[in-house]
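# Per-entry structural report
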There are 2 protein chains.
Amino acid sequence: MDITMYDTLLQLPLFQGLCKNDLTEIVGKVRLHFSKVKAGARIVAQGTPCNRLVFLIKGGLMSEMKDGQGLYSWNEYFGEPFVVEPYSLFGMHTDYAASYVATSDADTFSIDKNYILPELGKYPIFQLNYLNIISNRAQVFRHRLLPGNAHSLEQRVIHFFLCHSERLSGRKVLKIKMEDFAWLLNDTRLSVSKVLNELQGKHLLALRRKEIEIPDMASLMDYRESLQQGAELVQV
Amino acid sequence: MDITMYDTLLQLPLFQGLCKNDLTEIVGKVRLHFSKVKAGARIVAQGTPCNRLVFLIKGGLMSEMKDGQGLYSWNEYFGEPFVVEPYSLFGMHTDYAASYVATSDADTFSIDKNYILPELGKYPIFQLNYLNIISNRAQVFRHRLLPGNAHSLEQRVIHFFLCHSERLSGRKVLKIKMEDFAWLLNDTRLSVSKVLNELQGKHLLALRRKEIEIPDMASLMDYRESLQQGAELVQV
C-alpha cells in the first residue's frame, strides 16, 4: 500500500487511529471495490438496501432525500473524505435514507457488509470509531427532538433546515413549492415568504423558483445562535 | 453460572444470541458489579458521566428527564430486563440523558466501560447487537425529525409525547404547568387544555394538577395511527 492510500484511509473517521500495520493487514484481507465515477452518476439510490459501506476518497457528492409525501427534496453537498450512511448498515431500517450523486468525477471504494464485523470488527479502534459515530448521531438527533426555542416562525424555518442537515456546514438546497413549505410549517404562505425574504436579505438564503438555497449552513447556525442568545437575554 | 443467571443475561438485548460457553467465559473475565437496590433509590443521575452499563435484572425503574429550561420533567416506567442508556456510553455526549430511580426493590448489575470493547467487543454477536441497538435508535430519531402529519394541535400534542418516548408502550408521566406546555407547543392554554380533555375523554390520558399521565403509550400510538389514516383518506 502506498503512502497516499494510507493517508487517505486515515482521513476517514472510521479508520482514524489505526496504525499502518493494521491498515496494511486490512487491505490484504478485506476486498475493497475501487471505482471511478463520472460527474452526475448516481452512486446509491434512496430506499435501496444498504449492504456495503461506500467511501468517497476524491471528488464531491450530493445527497438527495425525497420525503414520503412527495412534497420536497433536500440536497446536501459533501467533499472527500466521506462515508455514505454508516448508520444505515445496522439496525432495523437498513435502506438508504437518501440518494447520492457525484457532483464531479470522483473516486470511491466500497466494502461489503459481510467483511465489516468479521474482519474490521477485530480492531477495537475500528469498533470504537463506529460506535462513536453512530452513538453521536443518536445523541444529536435526540437533542434536536426536544422542544427548544423554536417559537417564532423564523426559528421554526431554521429548525426545519437543521432537522434535515447531516452536517451543520456547507451548501444545502431545499426544493419545494412555497405553499407546501407553508403547509409543513403550519403557517401561511405569506408569513413564510416574508421570513424567507428577510433571511435572504441577510444573505443567509437565496430564493429561486421552487428552490431555497442555503449557501453556508454554518452562517445560518451562527445567526440562530445569536437569536437564541437574544431570547435568553429577554427571559432574564 | 447457574441456569437462571444464564437465562437472565440472554434476555438482555446486548447479550442475545451468545451461547452458554461465551457467557460463562464473559462472566469469568468481566467484573459484573451486582447490586440490590431499595424502592425509591436513585441508580443514575441525569447529567453525570456514563462510564458503565447498568442492567436491571429484577424489579422496575422510572426514568426522569428534566428539560434544560426547567419547564417540565418526563417520566417513563420500565420493567426488567432493561439496560440504562447504552447510547450514552460512546459518542460526544456521554452524560446520562435522564435520572433512573427504582420503583420497587430491584436487582441490577453493571459493567465498567473499560471492559466493554476490550472484552465484550471480542464477540462479534455482542458487537452486532450493540451496533444494531444504537443504529436503530439513530434511525428512529431521524424519522421522528421529519415533518409528518403533525398539523392539528392534537397531533402536535401526541408528537410531543412521541418525541420524548424511549419506548412506544407503557406508562409515561409529563410533569408540566399547562401554560408552559402551551408555550412549548406554540399555542394557547385554552386550545391545549381542550385537546388534552378530549384525549382524556377517550381514556388515552389522565389529567391531574401539573401532571399528564399516559397510562399506555401503545394505545395513544394506535389512536395516532388512526388519525393519520384518516388524513390520508382525505388527501386521496
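The notes below deal with the structure included here. What you see is a predicted model, and the numbers here were worked out from it, not measured in a lab.

This paragraph deals with the relation of the copies chain A and chain B. Under the fitted operation, chain A is carried onto chain B by 0.0 Å of movement along the axis and a turn of 180°, and the coordinates agree to an RMSD of 0.0 Å. The operation mapping one copy onto its partner corresponds to a two-fold rotation axis. Across chain A, the smallest distance between a C-alpha and the rotation axis is recorded for alanine 138 of chain A, namely 2.1 Å. Take the interface residues of chain A: 100% of them recur as interface residues in chain B, which is what a same-surface contact looks like.

What follows covers the packing of helix H5 (residues 153-164) of chain A against helix H7 (residues 189-201) of chain A. All names here are of chain A. Remark: H5 packs on H7, axes separated minimally by 10 Å, with the N-to-C direction vectors making an angle of 75°. Compared by their axis directions, H5 and H7 come out roughly perpendicular. Of the residues in H7, those touching H5 at Leu153, Glu154, Val157 and Ile158 are Ser191, Val192, Val195, Leu196 and Leu199. Its residues placed into classes, the contact of H5 with H7 shows seven nonpolar, one polar and one charged.

Looking now at the interface of chain A and chain B. In this complex, chain A contributes 43 residues to the contact, which on the side of chain B involves 43 residues. When the buried surface of chain A facing chain B is broken down by residue, Leu131, Leu145 and His151 of chain A rank first, second and third, together holding 17% of it. Scanning the region where chain A abuts chain B turns up zero salt bridges. In this structure, the connection of chain A to chain B is made through 14 residue pairs in polar contact (both at pLDDT 80 or more). When residues of the side of chain A that touches chain B are traced back to their parent elements, those giving at least two are helix H4 (124-145), H5 and helix H6 (178-184) of chain A. With 17 residues, H4 of chain A is the single largest residue contributor to the side of chain A that touches chain B. Class assignment of the residues belonging to the side of chain A that touches chain B gives a composition of 23 nonpolar, 16 polar and four charged.

What counts and what doesn't
Residues numbered from 1 in each chain as written. Chains lettered and ligands numbered in written order. Predicted model: local features only at pLDDT ≥ 70, side-chain atom pairs only at ≥ 80, totals over all residues. Heavy atoms only, no water. Least-squares fit on C-alpha atoms with pLDDT ≥ 70 in both. Contact = heavy atoms within 4.5 Å. Axes fitted to C-alpha atoms, helices over the stretch in contact; angles between N-to-C directions. Helix = DSSP H or I, 4+ residues; strand = E, 2+ residues; numbered from the N terminus. Parallel < 35°, antiparallel > 145°, perpendicular 65-115°, else oblique. Nonpolar A, V, L, I, M, F, W, Y, C, P; charged D, E, K, R; others polar. Buried area = accessible area lost by both parts, 1.4 Å probe. Salt bridge = Lys/Arg side-chain N within 4 Å of Asp/Glu carboxyl O. Polar contact = N/O pair within 3.5 Å; in protein donor to acceptor, adjacent residues only side chain to side chain.

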